[in-house]
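Below, each chain spelled out in residue letters.
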Amino acid sequence: MAKSPCIAICRIDHPTGCCVGCGRTIPEITQWGDADETWREGIIQQLPARLHRMKPRKAQRLGALLS
């Protein structure tokens with residue numbers, strides 16, 4: 001069974017609607033426990049690209065905090 005990708009950094013990136021820790025959306029997080037293996041694997045395959053898309057915004061926010 002696919003393990004939850006949660007890393008206990010639970011904050012939603014509002015532009016994407018994804019968690020900045022694991023990359024899942026709120027509906028995906030809430031449905032995870034009841035989901036079948038095929039659905040979970042499909043979500044897991046999408047997570048690296050989602051997290052990559054959020055990196056530029058994270059860098060911009062950090063830069064704004066440091067200036």
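Data block above holds the structure.
What counts as what
- Residues numbered from 1 in each chain as written.
- Predicted model: local features only at pLDDT ≥ 70, side-chain atom pairs only at ≥ 80, totals over all residues.
- Heavy atoms only, no water.
- Helix = DSSP H or I, 4+ residues; strand = E, 2+ residues; numbered from the N terminus.
- Buried < 20%, exposed > 50% of the residue type's maximum accessible area, 1.4 Å probe, protein only.
- Contact = heavy atoms within 4.5 Å.
- Phe/Tyr/Trp six-rings, centres within 6.5 Å; stacked < 30°, edge-to-face > 60°.
- Lys NZ or Arg CZ within 6 Å of the ring centre and 35° of its normal.
- Polar contact = N/O pair within 3.5 Å; in protein donor to acceptor, adjacent residues only side chain to side chain.
- Salt bridge = Lys/Arg side-chain N within 4 Å of Asp/Glu carboxyl O.

(A) Summary view of the overall build of the protein chain. What the protein chain contains, in helices and strands, is 2 helices and 2 strands. What you see in the protein chain, going N to C, is helices and strands ordered as β-β-α-α. Considering the protein chain as a whole, with its 67 residues, one finds that 28% of them fall into the buried category. Expressed as a percentage of contacts within the protein chain between residues at least 6 apart in sequence, the contacts between residues at least 24 apart total 49%.

(B) Quick look at the packing of aromatic side chains. In this structure the tally under the stated criterion is 1 aromatic pair. If you follow R24 out to its NZ or CZ, it ends over the ring of W32, 5.0 Å from the centre.

(C) A look at unusual backbone geometry. In this structure, A8 takes a positive phi of about 65 degrees despite not being glycine. Positionally, A8 belongs in the segment before β1 (12-13). A8 sits in the exposed class, given a relative accessible area of 64%.

(D) Region of interest: the side chain of E28. Tracing the chain through its elements places E28 in helix α1 (residues 26-31). For E28, a relative accessible area of 10% gives the class buried. A polar contact of 2.9 Å, which involves the side chain of E28, links it to the backbone nitrogen of T25. Sequence-distant contacts of E28, that is, excluding residues within four places in its chain, are made with W39, I43 and R50.

(E) Local environment of the environment of R53. As for its placement among the helices and strands, R53 is situated in helix α2 (residues 37-66). When the C-alpha positions of R53 and G23 are compared, they lie 9.8 Å apart, and in sequence the two are 30 residues distant.

(F) Looking closely at the pattern of salt bridges. Under the counting rule described, the total for this entry stands at 1 salt bridge. R50 is the salt-bridge partner of E28, the closest N and O atoms lying 2.6 Å from each other. Separated by 22 residues along the polypeptide, E28 in helix α1 and R50 in helix α2 bring together distant segments of the chain. One exposure class covers both E28 and R50, and it is buried.

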